[in-house]
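# Overview (structure and organization)
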Amino acid sequence: MKTFAIIALAGFLAIGCAEKKENTTTAETVETEVDTQMETQKDVAMIDQDGYAQYGASITAADALPARKINERYKNLALGDTATVKFEAPINSVCQSMGCWMRLGVDTDEEVFVKFKDYAYFVPLDTKGTAVVEGKAYIEEVSVDELRHMAEDAGKSEAEIAAITETKKEYRFMADGVLIKTEQ
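Structure report, in brief.

If you check which residues of helix H5 (residues 144-153) are buried, you get Val-144, Glu-146, Leu-147, Met-150, Ala-151 and Asp-153. In this structure, the buried side of H5 is in contact with strand S4 (101-105), strand S5 (111-116), strand S6 (130-142), helix H6 (158-162) and strand S7 (168-181).

Structure follows, in structure tokens:
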């Protein structure tokens, strides 16, 4: 009976340790997963017959609104509104930390901040050119903390980051899928 109790106790301890190990997520584990995802991004992107690199959900470039038209659509949105759209615009910048966002130019003074749905995919840090995105357009009041975080990801100086002291309304976009025109 004593042997059975010791075996049972050892079993419970082993299960507890295994559960604890499974539920423990360290910063190192997350960083390793992100590094692995970034290393395989080029394998994830597929080149379609029109010369686009595909990220995320499968989309086509057909019927994509030009940048000036999406700018008009954004001007008609209010905080809390969303619109499901597909548009094409030049890539102004990409997150230099992980490739987890990009900014697309829709006018000389306006950009759309694009995130990727569920962080399921990223784009390469050196992405340039033109992108077609499909998903949800919306306007968001962005906090000072998030604006500073994005400035840091964009490689801005400490002085530029410290100068951010007010919230800002931004054109935002949650992309289901992205096409990036590859250079021929």
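What follows picks up the thread again.
Take helix H4 (residues 67-75) next. Residues of H4 that are buried include every one of Ala-67, Ile-70, Asn-71 and Tyr-74, and no others. Down the axis of H4, the smallest arc covering the buried residues is 105°, so these residues share one side. Across from the buried face of H4, at angles greater than 90 degrees, the exposed residues are Arg-68 and Lys-75. In this structure, the buried residues of H4 make contact with strand S3 (82-94), S4, S5, S6 and S7.

Looking at the element boundaries, Glu-72 is found in helix H4. In sequence terms Glu-72 and Val-106 are 34 residues apart; their C-alpha atoms lie 9.2 Å from each other.

On to the side chain of Asp-153, then. Here Asp-153 lies in helix H5. Despite being buried, Asp-153 has no salt bridge partner; Arg-103 is the closest side chain of opposite charge, sitting 9.4 Å away. Among residues more than four places away in sequence, those in contact with Asp-153 are Cys-95, Gln-96, Ser-97 and Trp-101.

For Leu-147, the position within the fold is in helix H5. On the accessibility criterion, Leu-147 (10% relative accessible area) is buried. Note: C-alpha distance between Leu-147 and Thr-165 (18 residues apart in sequence) is 9.1 Å. Apart from residues no more than four positions distant in its own chain, Leu-147 is found in contact with Val-142, Ile-164, Glu-166, Thr-167, Lys-168 and Glu-170.

In globular proteins that are soluble, nonpolar side chains generally tend to be buried together. With 29 residues, the main nonpolar core has Phe-87, Met-102, Phe-173 and Val-178 as its most contacted residues. When residues in this core are grouped by element, the largest group, six residues, is from S3. When near neighbours in sequence (up to four residues on either side) are disregarded, Met-102 contacts Ile-91, Ser-93, Val-94, Val-112, Phe-113, Val-114, Phe-116, Ala-131, Val-133 and Val-178.

About the cut-offs
Residues numbered from 1 in each chain as written. Predicted model: local features only at pLDDT ≥ 70, side-chain atom pairs only at ≥ 80, totals over all residues. Heavy atoms only, no water. Buried < 20%, exposed > 50% of the residue type's maximum accessible area, 1.4 Å probe, protein only. Helix = DSSP H or I, 4+ residues; strand = E, 2+ residues; numbered from the N terminus. Contact = heavy atoms within 4.5 Å. Arc of directions from axis to C-beta. Lys, Arg positive; Asp, Glu negative; His and termini not counted. Salt bridge = Lys/Arg side-chain N within 4 Å of Asp/Glu carboxyl O. Core = buried A, V, L, I, M, F, W, Y, C linked by side-chain atoms within 4.5 Å.

By themselves these figures say nothing about function.
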